[in-house]
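# Residue-level structure breakdown
In case you want the letters, here they are:
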Amino acid sequence: MASAVPRTLSLDDARSAAGEAASLLNAPANVERLTALRSQAGGNLMQAMALAVPAALEIVSPVLAKHGFESNQPGLMSFLFAINMHGQDPVIQQHRAQLMAQFMPGMPVPMAVPPQ
């Protein structure tokens, strides 16, 4: 069985994609929607993620598709990995923090991938 080659993004494409996703997630109606879902979890982080991640995925699905990623949770993880490959970049760091705040509230922002 052949393994799938992970999708990658150039730095400029990663900046653009992360910025687009962050803008969608930070739109007032979407912030309100995600906040309400996390509130339903009553402080339970796992429940908050179970409610908020599918909604956040729905919100950013157009960005995933535009940049060649599937609009599902594996596609989202591949997208976040591709962005994280440029994690030393200050613009990426800012967008990544915004994305993680919506996808996994309360979780620390992952360390950047060291340059190779």
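About the cut-offs
Residues numbered from 1 in each chain as written. Predicted model: local features only at pLDDT ≥ 70, side-chain atom pairs only at ≥ 80, totals over all residues. Heavy atoms only, no water. Helix = DSSP H or I, 4+ residues; strand = E, 2+ residues; numbered from the N terminus. Buried < 20%, exposed > 50% of the residue type's maximum accessible area, 1.4 Å probe, protein only. Contact = heavy atoms within 4.5 Å. Areas by Shrake-Rupley, 256 points an atom, 1.4 Å probe, with all protein chains shown as cover. Axes fitted to C-alpha atoms, helices over the stretch in contact; angles between N-to-C directions. Parallel < 35°, antiparallel > 145°, perpendicular 65-115°, else oblique. Left-handed = near helix turned anticlockwise from the far one by under 90°. Nonpolar A, V, L, I, M, F, W, Y, C, P; charged D, E, K, R; others polar. Core = buried A, V, L, I, M, F, W, Y, C linked by side-chain atoms within 4.5 Å.

In this section: the overall build of the protein chain. Helices and strands together make up the secondary structure of the protein chain, namely five helices and zero strands. For the protein chain, the N- to C-terminal ordering of α and β elements is α-α-α-α-α. Burial statistics for the protein chain: of 116 residues in total, 41% are counted as buried. For the protein chain, long-range pairs separated by at least 24 residues make up 61% of all intrachain contacts whose partners lie at least 6 apart in sequence. Carbon and sulfur atoms form 61% of the exposed surface of the protein chain, whose accessible area is close to 6,600 Å².

This brings us to the packing of helix α1 (residues 11-25) against helix α3 (residues 45-66). At their nearest, the axes of α1 and α3 sit 9 Å apart, and the two run at 155° to each other. Looking at the two axes, α1 sits roughly antiparallel to α3. The interaxial crossing formed by α1 with α3 has right-handed handedness. Contact with α1, carried on its side by A17, E20, A21, L24 and L25, involves A56, I59, V60, V63 and K66 of α3 and no other residues of that element. Among the residues forming the contact of α1 with α3, the class breakdown is eight nonpolar, no polar and two charged.

Glancing now at the nonpolar core. Ranked by size, the top nonpolar core spans 28 residues in total, and within it L25, L34, V60, L76, F79 and L99 carry the most contacts. At 10 residues, the largest contribution of residues to this core is made by α3. Apart from residues lying up to four places away in sequence, L99 is in contact with A18, A21, A22, L25, L80 and I83.

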